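# Coordinates in review
Here's the letter readout for the chains.
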Amino acid sequence: MAPLIKCLDPGEAAYRVKMSSTKVGFRLAACLLNISEARKKDIVEKIAKAALYDDNGQKHSQATVLNIFSDYDYNRSVITIAAPIDVLGNYVIAACTEAFRSIDMAIQEGIHPCLGAVDLVPIYPLLDVGVEECGNVAQSVGASPYVMNCNVTIDTQDLAIGKDIARAIRGSNTRGLKGVQTMAFPHKKIEIACNVESFEDQDNTMTAHEDSGYISYCVLGKTFSYVSPQSIEAQIKKLASDFGINTARTALVGFTPEECKHCATYALKKGIREFWRMRGSLFM
C-alpha cells in the first residue's frame, strides 16, 4: 500500500495526547475556505492573513489558520480557519472579501471546476458546538458535519480508468463507500479526488476499529462516522489492480475531524495565529 501523506507537524502526536484531556474555555468551529488561487503564494497567504488581522494590522481575537493546502494544477487552495463560533463568521467574511479583491477570475485557469474567487465556504463544528449553530452562523454559506478531503493518485494517465474507479467507490453506488463523493482528474497522473462526509450514526452500527473501515467521533452527544483514509486508499488500490495498475500516492488535505479539533485547541490556547507555518504548508 502506498504511504498515506498526512502532512502533520512532527510534534503533533505529543501535544495531541496532552490536549485530549484538557478543558478549554471556548466553543470551536472551523471553516475550510476553498478559493480559486494556488499559483500565487503571496495572494493565498494574504487571504489567509485577512482572517487573522484587520486592515490596520491589529490581531483578530482568538483566530488561527491551521492549514493551507494549495494545488498548482487545480489552481485551488483550501484554507482552514478556526475560531470560537461566535466570532468565526466575521473572520471568514474578512478572508472572503480579500479573496474577491485579490483574485482575478478573468484570467483564472485550472483543471478543477470553480464557481468564483470563493468557491466553497463550509463551517464545521469542532468542540462543544452543534451543526445547527454552525448553520445559524453560516446562514446562506453552508454547515454540516465535518467533510474531509482525501486524494489518491493512480499510476496511469488513462482518465477513463480513473472515472470507472471513482464511480465504483462513490457512496451513491450500492457497493461504494458511504459518505464518499468522488471525481477523477488528469493531474500529471490520474487523481481520484474524494470528499469524505461525516454522517450521523444513530444506531452506532459503525465502530471505530480498523476492521470496519469507519472512524467514529462525538459532537454534543451525537455520534458521527466517516470512512478512514486508509480504507479509501485500500479500496482504490484493489480496484486499480483489476486494471493492472497500482496507486502512486495518497494525500490527506488538511485534517481528520479529530485532528482539526486538537490542532485548533492547541493553536488558540497557545495564541498561534499562523499555525500553518509551524506545521508546513503543502504546495504541490
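Provided above is the structure to which this section pertains.
These numbers come from a predicted model, not from an experiment. (Residues numbered from 1 in each chain as written. Predicted model: local features only at pLDDT ≥ 70, side-chain atom pairs only at ≥ 80, totals over all residues. Heavy atoms only, no water.)

Turning next to the packing of aromatic side chains. Summed over all chains, the structure comprises five aromatic pairs. Through pairs of rings, three or more aromatic residues link up here, namely Tyr-217, Phe-224 and Tyr-226. A cation sits over an aromatic face here: Arg-39 above Tyr-72, 4.6 Å from the ring centre. (Phe/Tyr/Trp six-rings, centres within 6.5 Å; stacked < 30°, edge-to-face > 60°. Lys NZ or Arg CZ within 6 Å of the ring centre and 35° of its normal.)

Another aspect to go through is the layout of surface pockets. Put simply, the largest pocket is a space of about 640 Å³. Lining of the largest pocket is provided by 34 residues; of these, Asn-34, Arg-76, His-112, Asn-149 and Asn-195 occupy positions nearest its centre. Taken together, the elements giving at least two residues each to the lining of the largest pocket come down to strand 2 (28–35), strand 3 (64–71), strand 4 (76–84), strand 5 (118–120), strand 6 (123–127), strand 7 (147–154), strand 8 (180–187) and strand 9 (189–197). When its residues are assigned to classes, the lining of the largest pocket shows 20 nonpolar, 10 polar and four charged. (1 Å grid on protein atoms, 1.4 Å probe; cavity = no way out; pocket = protein on both sides within 12 Å on 5 of 7 lines; lining within 4 Å. Points joined across faces, edges and corners; volume = space filled by probe spheres on them. Helix = DSSP H or I, 4+ residues; strand = E, 2+ residues; numbered from the N terminus. Nonpolar A, V, L, I, M, F, W, Y, C, P; charged D, E, K, R; others polar.)

Let us look at the nonpolar core. As a rule of thumb, soluble globular proteins bury nonpolar side chains together. If you look at the biggest cluster of nonpolar residues, it comprises 48 residues, and the most contacted ones within it are Leu-66, Tyr-146, Ile-154, Ile-192, Val-196, Ile-232 and Ile-236. With six residues, the single largest contributor to this core is helix 7 (residues 257–270). If we ignore the near neighbours within four places in the chain, the residues touching Val-196 are Tyr-146, Val-147, Met-148, Cys-150, Gly-179, Val-180, Tyr-226, Val-227 and Ile-232. (Core = buried A, V, L, I, M, F, W, Y, C linked by side-chain atoms within 4.5 Å. Buried < 20%, exposed > 50% of the residue type's maximum accessible area, 1.4 Å probe, protein only. Contact = heavy atoms within 4.5 Å.)

Between its first and last C-alpha atoms helix 3 (residues 85–102) spans 26 Å; for 18 residues at 1.5 Å apiece the expected length is 26 Å, and the two agree. Residues of helix 3 that are buried: Ile-85, Leu-88, Gly-89, Tyr-91, Val-92, Ala-95, Cys-96, Glu-98, Ala-99 and Ser-102. The inward-facing, buried residues of helix 3 contact strand 2, helix 2 (41–50), strand 4, strand 5, strand 6 and helix 4 (131–138). (Expected span 1.5 Å × (residues − 1).)

Right, let's get into empty space enclosed by the protein. What the rule picks out here adds up to one cavity of 30 Å³ or more. One number sums up the size of the largest cavity: a volume of about 40 Å³. Sorting the residues of the lining of the largest cavity by element identifies strand 6, strand 11 (214–219) and helix 7 as the ones contributing at least two each. Class assignment of the residues belonging to the lining of the largest cavity gives a composition of six nonpolar, no polar and two charged.

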